[in-house]
Amino acid sequence: MPDVVAFAGHQIHVCRYREAGTLLNWLGADLRGQVVLDVAGGDGYWAGQARRRGARAVSVDLARHKMLRGRRLRHAPALLEGDALRLPLRDASVDKVMSICAIEHFDDGPAALREMARVLKPGGDLVMSADCLSRRDAWPALFEAHRRRYHVQATYTHRTLAALLGECGLDVREHRYQFRSRAAERGYLALSAHGGRFGFNAAAPLIPLVSLSDARTPNDRGSIVLLRARKRDGGT
């Protein structure tokens, strides 16, 4: 039953399924022998998907109640209670880092990126996503409702993230926006402001339409930005 509930919460979701699926694909299909860290991983579900690919997966989060749920998952990763701004891991101790739409909720996003870079081995990949909401000024009331509901502290573009990561010794290799068109972005904000998790799950049948729309729209703006970066040799 815990796996069924987790599947419904994470996979039947109009944005998280595509978002996390893309990040996992960037990590690779075969993760045997690699340590993969999910920062602010909640119940550890997505770190568990990395474990299914052979990784020694670790999820760090402050929400103990979520981790207690996550311990019952079939492919539960190692679950550590800890702060993303002070990760409880040694320098250069993980092969790959993942973080799914978490940085926008942190009081100090740049500090969290520095911590991710610190624990990542040289040559290792960081895959992450973040709220961008590039047209938020067009619908200020919707954005404000979204910001309050999900405690959004900041939004990011691929350019702002590339600059911050560059200061940490990482170079962005690729990026991808989701919900790129004006209509898709407004729909995303409306769902988040008024529908919450139920609304996103109810909208799951729209995934193919959103994917098609994204494929036809320039990859320079949208609701969510995803990127993959690599730590330079000797990067700090």
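Residues numbered from 1 in each chain as written. Predicted model: local features only at pLDDT ≥ 70, side-chain atom pairs only at ≥ 80, totals over all residues. Heavy atoms only, no water.

Focus on the overall build of the protein
Inference 1: Looking only at helices and strands, the protein features 9 helices and 7 strands.
Inference 2: Within the protein, buried positions represent 54% of all 236 residues.
Inference 3: Put simply, of all contacts in the protein between residues at least 6 apart along the chain, 77% involve residues at least 24 apart.
Inference 4: For the protein, the exposed surface amounts to about 11000 Å²; the carbon and sulfur share of it is 52%. (Helix = DSSP H or I, 4+ residues; strand = E, 2+ residues; numbered from the N terminus. Buried < 20%, exposed > 50% of the residue type's maximum accessible area, 1.4 Å probe, protein only. Contact = heavy atoms within 4.5 Å. Areas by Shrake-Rupley, 256 points an atom, 1.4 Å probe, with all protein chains shown as cover.)

Some details on the pairing of strand S1 (residues 35-39)
As a general feature of sheets, a regular strand has side chains that alternate between the two faces.
Inference 1: For S1, a buried count of 5 out of 5 residues is recorded, marking the element as mostly surrounded by other parts of the structure.
Inference 2: Here S1 shows no split at all, with Val35, Leu37 and Val39 on one side and Val36 and Asp38 on the other all buried.
Inference 3: Once the chain exits S1 it traverses helix H3 (residues 45-52) before rejoining the sheet at strand S2 (residues 56-61), and the crossover so formed is right-handed.
Inference 4: Of the pairings in the sheet, the one linking S1 to strand S4 (residues 94-99) comprises 3 bridges and is parallel in character. Among the inter-strand pairings, Leu37 is bridged to a residue of S4, identified as Val97. (Right-handed = clockwise from strand over helix to strand, strands pointing away. Pairing = 2+ DSSP bridges.)

Focus: the sheet that holds strand S7 (residues 224-231)
Inference 1: Spatially, the 7 strands line up as an open sheet ordered S3-S2-S1-S4-S5-S7-S6, and their pairing is mixed. Two strands bound the open sheet, and with one partner strand each, they are strand S3 (78-81) and strand S6 (170-178). Strand-to-strand twist in this sheet, taken as the mean axis angle between neighbours without regard to direction, amounts to 15°.
Inference 2: Both S2 and S3 contribute to a ladder of 4 bridges, which runs parallel. Opposite Val60, over in S3, you have Leu80 as the bridge partner. (Axes fitted to C-alpha atoms, helices over the stretch in contact; angles between N-to-C directions.)

Focus on the packing of aromatic side chains
Inference 1: According to the stated counting rule, one finds 2 aromatic pairs in the structure shown.
Inference 2: Between the aromatic rings of Tyr45 and Trp46, the centroid separation amounts to 5.0 Å while the plane-to-plane angle is 85°, which identifies the pairing as edge-to-face.
Inference 3: For Trp46, a relative accessible area of 6% corresponds to the buried category.
Inference 4: Lying over the aromatic face of Phe143, Arg136 brings its terminal NZ or CZ to 5.9 Å of the ring centre. (Phe/Tyr/Trp six-rings, centres within 6.5 Å; stacked < 30°, edge-to-face > 60°. Lys NZ or Arg CZ within 6 Å of the ring centre and 35° of its normal.)

Here we look at unusual backbone geometry
Excluding glycine, residues mostly carry a negative phi; peptide bonds, for their part, are mostly trans.
Inference 1: The backbone of Ala40 shows a phi angle near 60°, a positive value even though the residue is not glycine.
Inference 2: We note that Cys101 has phi near 40°; this positive angle belongs to a residue other than glycine.
Inference 3: Residue placement: Cys101 occurs in the loop between S4 and helix H5 (109-119).
Inference 4: Since its relative accessible area comes to 9%, Cys101 is described here as buried.

Considering the environment of Ser181
Inference 1: With respect to the element layout, Ser181 can be found in the loop between S6 and helix H8 (182-202).
Inference 2: Between the C-alpha atom of Ser181 and that of Gly222, which follows or precedes it by 41 residues, the distance is 6.7 Å.
Inference 3: The contact partners of Ser181, leaving out residues within four places of it in the chain, are Arg135, Ser213 and Thr217.
Inference 4: In terms of polar contacts, Ser181 uses its side chain to reach the backbone amide nitrogen of Ala184, at 3.1 Å. (Polar contact = N/O pair within 3.5 Å; in protein donor to acceptor, adjacent residues only side chain to side chain.)

Remarks on the packing of helix H2 (residues 16-27) against H3
Inference 1: Axis separation between H2 and H3 bottoms out at 11 Å; the angle between their running directions is 40°. If you check the angle between H2 and H3, you find them oblique. Read as a crossing pair, H2 and H3 show a hand that is right-handed. Together, Arg16, Ala20 and Leu24 of H2 and Trp46, Gln49 and Ala50 of H3 make up the contact between the two elements.
Inference 2: Tallied by class, the residues present in the contact of H2 with H3 amount to 4 nonpolar, 1 polar and 1 charged. (Parallel < 35°, antiparallel > 145°, perpendicular 65-115°, else oblique. Left-handed = near helix turned anticlockwise from the far one by under 90°. Nonpolar A, V, L, I, M, F, W, Y, C, P; charged D, E, K, R; others polar.)

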